[in-house]
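Here's the letter readout for the chains.
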Amino acid sequence: MNEKPFNPGEQPPRGRFITFEGIDGAGKSSQIAATVELLRARGIEVDQTREPGGTPLGERLRELLLHEPMHLETEAMLMFAARREHLAARIEPALAAGRWVVCDRFSDASFAYQVGGRGLARDKFDALEAWVHPRLQPDLTLLFDLPPETAAARVASTGVDPDRFEREQRDFFERVREAYLERARQAPQRIRVVDADRAPELIRADIERIVRESLPT
Ligand code: TYD
């Protein structure tokens, strides 16, 4: 008999963790849906989620974060509090069970928005990240990059009331964009910059190629 003996303690292979990032209006949502569909078509079990949010508590924190004025450090700590809950209740169990997790935003957003946009001290960001996920990082991050004025026009065209972040001015989003790009330069293997100022089909084709190359199945 060549078959491997049954081992009840054997763990399934760990799932992969993919995140999507970019300034508001970058067009992530439809591309996230397409990516999840692509992975499922390849027979991969995928848990699609978002930050802030992804758990009942996280969604309540999201409501506060998007609508309630607060100090920038309160904002940073609540982002990471929601993330702690999300990791414990959802992301880590899914990965351990071999499922893939596709998440709309993660800690790169805290770096870009809270450090870059709001001016949170970088060592405070580092401390929160080291506390909440000392070892885990996404396996792949797709960073949607485009000029803030293009993104702002997209946000305005939705007709939905803007939230606390979407109401920020162009210079805020310039800083957020720069911080994202800086982070991408620090982790070029993990963070892949996608030119989001193009037709959706071209963006989709790029993502498909990057996912296949980076995370072969
Ligand atoms: P998002 O879900 O992309 O917004 P929408 O549903 O309107 O498309 O993100 C919500 C907002 O939260 C977004 O403006 C970015 C902000 N954010 C931070 O500032 N820091 C973070 O760590 C995260 C995860 C999000």
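Residues numbered from 1 in each chain as written. Predicted model: local features only at pLDDT ≥ 70, side-chain atom pairs only at ≥ 80, totals over all residues. Heavy atoms only, no water.

Draft legend 1. Representation of the layout of surface pockets. Quantified by volume, the largest pocket comes out at close to 810 Å³. Along the walls of the largest pocket sit 38 residues, with Asp 24, Gly 25, Lys 28, Arg 105 and Glu 166 positioned nearest its centre. Looking at the lining of the largest pocket, the elements with two or more residues in it are helix H1 (28–41), helix H2 (56–67), helix H3 (72–96), helix H4 (107–117), helix H6 (148–157) and helix H8 (200–214). Tallied by class, residues from the lining of the largest pocket come to 16 nonpolar, 9 polar and 13 charged. Computed from the structure, the second largest pocket encloses a volume of approximately 160 Å³. Pro 148, Ala 151, Ala 152, Glu 168 and Phe 173 are the residues nearest the centre of the second largest pocket, which is lined by 13 residues in total. Those elements giving two or more residues to the lining of the second largest pocket turn out to be H6 and helix H7 (170–186). In terms of residue count, H6 provides more of the lining of the second largest pocket than any other element does, 6 residues in total. Of the residues in the lining of the second largest pocket, the class split is 7 nonpolar, 1 polar and 5 charged. (1 Å grid on protein atoms, 1.4 Å probe; cavity = no way out; pocket = protein on both sides within 12 Å on 5 of 7 lines; lining within 4 Å. Points joined across faces, edges and corners; volume = space filled by probe spheres on them. Helix = DSSP H or I, 4+ residues; strand = E, 2+ residues; numbered from the N terminus. Nonpolar A, V, L, I, M, F, W, Y, C, P; charged D, E, K, R; others polar.)

Draft legend 2. Just the site of the ligand, in detail. Taken together, 16 residues lie near the ligand, and Asp 24, Arg 62, Arg 105, Ser 110 and Gln 114 sit nearest. In this structure, Arg 62 approaches the ligand through a side-chain N or O atom, which is 2.9 Å from an oxygen atom. Contact between the ligand and Arg 105: an oxygen atom at 2.7 Å from a side-chain N or O atom of the residue. Protein coverage of the free-state accessible area of the ligand, which is 560 Å², stands at 87%. If you map the ligand onto the pockets, it falls in the largest pocket. Among the secondary structure elements, those contributing two or more residues to the shell around the ligand are H2, H3 and H4. Sort the elements by how many residues they give to the shell around the ligand and H4 lands first, with 4 residues. Partitioning the shell around the ligand into residue classes produces 6 nonpolar, 2 polar and 8 charged. (Near = heavy atom within 4 Å. Polar contact = N/O pair within 3.5 Å; in protein donor to acceptor, adjacent residues only side chain to side chain. Areas by Shrake-Rupley, 256 points an atom, 1.4 Å probe, with all protein chains shown as cover. Sits in = over half its atoms within 2 Å of the grid points.)

Draft legend 3. Main features of the pairing of strand S4 (residues 140–145). For S4, a buried count of 6 out of 6 residues is recorded, marking the element as mostly surrounded by other parts of the structure. Here S4 shows two buried faces, one formed by Leu 140, Leu 142 and Phe 144 and the other by Thr 141, Leu 143 and Asp 145. When strand S1 (residues 17–22) meets S4, the two strands line up parallel, connected through 5 bridges. Within S4, the position partnered with Ile 18 by the bridge is Leu 140. When S4 meets strand S5 (residues 191–195), the two strands line up parallel, connected through 5 bridges. By the bridge assignment, Thr 141 is partnered in S5 with Ile 191. (Buried < 20%, exposed > 50% of the residue type's maximum accessible area, 1.4 Å probe, protein only. Pairing = 2+ DSSP bridges.)

Draft legend 4. Spatial organisation of the packing of aromatic side chains. Here the structure, examined in full by the defined rule, presents 9 aromatic pairs. Consider the rings of Phe 111 and Phe 125, whose centres lie 5.4 Å apart with planes at 70°: the pair is edge-to-face. Separated by 14 residues along the polypeptide, Phe 111 in helix H4 and Phe 125 in helix H5 (residues 122–132) bring together distant segments of the chain. Both residues of the pair, Phe 111 and Phe 125, count as buried. Relative to Phe 173, the ring of Tyr 113 has its centre 6.5 Å away and its plane inclined at 85°; by these criteria the two rings are edge-to-face. On the criterion of sequence distance, the pair formed by Tyr 113 in helix H4 and Phe 173 in helix H7 is long-range, its members being 60 residues apart. Side by side, Tyr 113 and Phe 173 carry an identical accessibility label, which is buried. Joined through ring pairs, the aromatic side chains of Tyr 113, Phe 165, Phe 172, Phe 173 and Tyr 180 make up one cluster. Arg 183 extends its terminal NZ or CZ atom over the ring of Phe 111, reaching a point 5.1 Å from the ring centre. (Phe/Tyr/Trp six-rings, centres within 6.5 Å; stacked < 30°, edge-to-face > 60°. Lys NZ or Arg CZ within 6 Å of the ring centre and 35° of its normal.)

So yeah, pure geometry; function would need other evidence.
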